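Structure assessment
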Amino acid sequence: MNNEPLRIGIACFPLIGGSGILATALGSELARRGHEVHFFSYARPVRLDTAEARLHFHLVELAHHPLFPCPDYTLPLAVKMAEVASTVSLDIIHAHYAVPNAMAAVLAAQMSGASPGIVTTLHGTDTNLLGQDPAYRMAIEYALGQSDAVTVVSKSLEEQTRETLNVSRAIEVIPNFFTPRPASRTREEVRTELGAGDGEFLILHMSNMRSGKRIDLLLQTLAAMRTRDRTRLLILAGEPIQPYAEMIDRLGLKKQIIVRENEPAVEDFISAADAGLYTSDYESFGLSILETLYFGKPIVAFDVGGIPEVVGNAYPLYPFPNVTALASAMDKLVESPDYARSLGEQGRKHVVEKFSADIIVDRYETLYRRVKDKNREGKALQR
Ligand code: GMT
C-alpha cells in the first residue's frame with residue numbers, strides 16, 4: 001500500500017451519538033497512522049482529544065444574521081472547509097451525514113481551489129428520517145450523487161437507502177468499529193460509586209434518549225423482569241431523563257435506576273456492568289451494542305435494522321416490540337451466570353473479529369487513496 005500521509009477533513013456532529021463518536025474514533029486512528037486530520041463542527045466532538053499529534057479542530061460558528069429566520073450552519077461550514085481545504089490542500093473531506101455535512105462538503109469542494117475528494121457516510125437518520133422528508137430528499141440525493149464515494153454502516157442501511165432514495169451509484173458497506181480506551185477505574189470502584197451492591201446484576205443502557213431508542217420499552221422491560229429486585233439499570237444518557245420521570249415513578253422503578261448524563265468514559269461503566277439492554281425500534285448499526293459486546297458483556301435487544309449484523313447470525317434477538325421476550329431473556333442472564341458469560345464471549349469474539357479498528361480503518365484508508373488517485377487523474381485530464 002502507498003504510505004504517503006493524507007490530509008483528511010472530517011465533518012461530523014459533535015454530540016453524544018454514534019456518528020460523531022465513530023467519526024472521532026476514525027480521525028484519531030488515522031492521525032495515529034500518520035495522516036493529518038482536520039475536524040469541522042459547531043462544537044468540539046465529545047471524545048476528541050486534540051492534544052494528540054496531527055489532530056486539528058476547526059470550530060464553525062453558527063451565523064446569527066438578522067436577515068435569517070434562524071441561525072445558518074451549512075454555509076459557514078462550507079466556507080470553513082473550503083478555507084482549510086485551500087490552506088492545507090485537503091485530499092479528502094469525509095462527511096458523516098448527507099445533510100448538512102456532505103452538502104457543505106460539495107459546496108466547499110467547488111469553492112476551494114484544492115478540490116478535495118468527497119467521501120460521504122450515511123449513518124441511518126439521513127435515510128430513514130430526513131430521506132423521507134420532501135424538504136431534504138432532493139438535497140440528500142444530490143449530495144450522494146456529487147460525492148466521490150458513498151459508504152453506509154451496514155448492509156441493512158444499504159438496502160434501506162436504495163428503497164428510500166433514488167440512488168443508483170455504488171455504495172460501499174463499511175461497518176463501524178470500536179477501540180476501547182483502557183478503563184480508568186476498577187469495576188469495584190465504579191460499582192461502589194454507583195451504589196450497585198455486590199450481588200446486584202447491573203444492566204447498562206447507553207443512548208442519546210431520542211424517541212427511536214424507545215426508553216418507554218426499556219422501562220417496561222425492567223418492570224416486567226421476574227428478577228427485577230436483584231437488578232439495577234444504569235442509563236448513560238446523552239439527554240435528560242426528565243421526560244421519563246413520571247413513567248419511572250408509575251412503574252415503581254425509582255430505586256432500580258441510576259442515571260449518568262453525558263459520560264465520556266463509557267469504558268469504566270461497561271466494565272462495571274453485567275449486561276446491556278437496548279430497545280430501539282431501529283438502528284442502522286447500534287454502536288452502543290458493539291461497545292458493550294467488545295467488553296464481553298451480553299446484550300438483549302430487538303431484531304431490527306443492522307443489529308443482527310453487529311451481533312452475528314447465531315446471537316439471540318427478539319421481535320419488536322415484545323418486551324416480555326426481552327424481560328425473560330434478561331431474567332435468564334441474571335439467573336444463569338454461565339450462560340451470560342458464554343453469550344458475552346460469543347458476542348465479543350464476533351465483534352473483535354469483524355469490527356476491530358485495524359480492519360475497518362484499513363478499509364477507509366484504501367477508499368481515501370482510491371478517491372484521491374481518481375481525483376488526481378481527473379484533474380490531469382482537465383489540463
Ligand atoms: O440514533 C442515534 O443514536 C444517533 C445516530 C447518529 O447519527 O449518531 O446514530 C446512527 O449512527 C450510528 C453510527 O453509525 C449507528 O450506530 C446508529 O445505529 C444510527 N442510528 C440509527 O440508525 C437510528
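Values in this document were obtained by computation on a predicted structure and should not be read as measured data. (Residues numbered from 1 in each chain as written. Predicted model: local features only at pLDDT ≥ 70, side-chain atom pairs only at ≥ 80, totals over all residues. Heavy atoms only, no water.)

**Some details on the sheet that holds strand 12 (residues 299–301)**
Read across the open sheet, the five strands follow the order 10-9-8-11-12; overall the sheet is parallel. Each edge of the sheet is formed by a strand with only one pairing partner; in this case those strands are strand 10 (257–261) and strand 12. In this sheet, adjacent strand axes meet at a mean angle of 25° when their direction is disregarded. As paired elements, strand 11 (residues 275–278) and strand 12 share three bridges and run parallel to each other. (Pairing = 2+ DSSP bridges. Helix = DSSP H or I, 4+ residues; strand = E, 2+ residues; numbered from the N terminus. Axes fitted to C-alpha atoms, helices over the stretch in contact; angles between N-to-C directions.)

**Quick notes on the packing of helix 13 (residues 323–335) against helix 14 (residues 337–354)**
At a minimum axis separation of 5 Å, helix 13 and helix 14 run at an interaxial angle of 110°. In terms of axis orientation, helix 13 runs roughly perpendicular to helix 14. Each of K332, L333, V334 and E335 in helix 13 lies in contact with helix 14, whose residues at this interface are P337, Y339, A340 and L343. Here the residues of the contact of helix 13 with helix 14 sort into six nonpolar, no polar and two charged. (Parallel < 35°, antiparallel > 145°, perpendicular 65-115°, else oblique. Contact = heavy atoms within 4.5 Å. Nonpolar A, V, L, I, M, F, W, Y, C, P; charged D, E, K, R; others polar.)

**Considerations on the sheet that holds strand 7 (residues 172–173)**
With parallel pairing, the seven strands of this open sheet are ordered in space as 3-2-1-4-5-6-7. Edge positions in the sheet fall to strand 3 (55–59) and strand 7, since each of these pairs with one other strand and no more. In this sheet, strand 5 (residues 117–122) lies alongside strand 4 (residues 92–96) in parallel orientation, the contact comprising five bridges. Among the inter-strand pairings, H96 is bridged to a residue of strand 5, identified as T121. Contacts from helix 2 (residues 74–88) reach strand 1 (7–11), strand 2 (36–41), strand 3 and strand 4 within the one sheet, and its direction differs from that of strand 2 by about 165°. Each of strand 5, strand 6 (149–152) and strand 7 touches helix 6 (residues 155–164); the most contacted strand, strand 6, lies at about 120° to it.

**Looking at the nonpolar core**
In terms of nonpolar packing, the biggest core is built from 105 residues, with I289, L290, I299, M330 and Y368 touching the most fellow members. With eight residues, helix 13 is the largest single contributor of residues to this core. Each of domain 1 (7–179 + 357–382) and domain 2 (187–354) contributes no fewer than three residues to this core. Excluding residues that lie within four positions of it along the chain, L290 makes contacts with N176, F177, F178, F285, V310, V351 and F355. One finds V60, A82, V84 and A109 within the second-largest nonpolar core, a separate group that totals 22 residues. (Core = buried A, V, L, I, M, F, W, Y, C linked by side-chain atoms within 4.5 Å. Buried < 20%, exposed > 50% of the residue type's maximum accessible area, 1.4 Å probe, protein only. Domains from an automatic or database assignment.)

**Here we look at the packing of aromatic side chains**
Under the defined criterion, the tally for this structure stands at seven aromatic pairs. Aromatic pair F178 and F295: ring centres 6.4 Å apart, planes at 50°, arrangement tilted. Taken as a pair, F178 in the loop between strand 7 and helix 7 (187–194) and F295 in the loop between helix 11 (287–294) and strand 12 lie far apart in primary sequence, 117 residues in all. For F178, a relative accessible area of 5% puts it in the buried group. Ring pairing ties together the aromatic residues F178, Y294 and F295, which thus form one cluster. (Phe/Tyr/Trp six-rings, centres within 6.5 Å; stacked < 30°, edge-to-face > 60°.)

**Details of the domain arrangement of the protein chain**
Examined at the domain level, the protein chain breaks down into domain 1 (7–179 + 357–382) and domain 2 (187–354). One C-alpha centre belongs to domain 1, the other to domain 2; they are set 30 Å apart. Counting residues at the interface gives 22 residues for domain 1 and 20 residues for domain 2. Both sides of the domain 1 and domain 2 interface together cover about 1600 Å² of buried area, and 58% of this is carbon and sulfur. (Buried area = accessible area lost by both parts, 1.4 Å probe.)

**Quick notes on the site of the ligand**
Taken together, the neighbourhood of the ligand is formed by 16 residues, with S19, Y97, H123, K213 and E283 sitting nearest. Here an oxygen atom of the ligand sits 2.8 Å away from a polar atom, N or O, in the side chain of Y97. Within the contact set of the ligand, an oxygen atom lies 3.2 Å away from a backbone nitrogen or oxygen of F285. In isolation the ligand exposes 480 Å². Once the protein is present, 90% of that is buried. For the shell around the ligand, the residue count by class is five nonpolar, eight polar and three charged. Counting contributing residues per domain, the shell around the ligand is built from domain 1 (7–179 + 357–382) and domain 2 (187–354), each supplying no fewer than three. (Near = heavy atom within 4 Å. Polar contact = N/O pair within 3.5 Å; in protein donor to acceptor, adjacent residues only side chain to side chain. Areas by Shrake-Rupley, 256 points an atom, 1.4 Å probe, with all protein chains shown as cover.)

**Quick notes on the packing of helix 2 against helix 3 (residues 98–111)**
Axis separation between helix 2 and helix 3 bottoms out at 8 Å; the angle between their running directions is 45°. By the angle class used here, helix 2 and helix 3 are oblique. By crossing handedness, the relation of helix 2 to helix 3 is classed as right-handed. Residues T74, L75, L77, A78, V79, M81 and A82 of helix 2 touch helix 3, and the partners they reach there are P100, N101, A104, A105, L107, A108 and M111. Its residues assigned to classes, the contact of helix 2 with helix 3 shows 12 nonpolar, two polar and no charged. (Left-handed = near helix turned anticlockwise from the far one by under 90°.)

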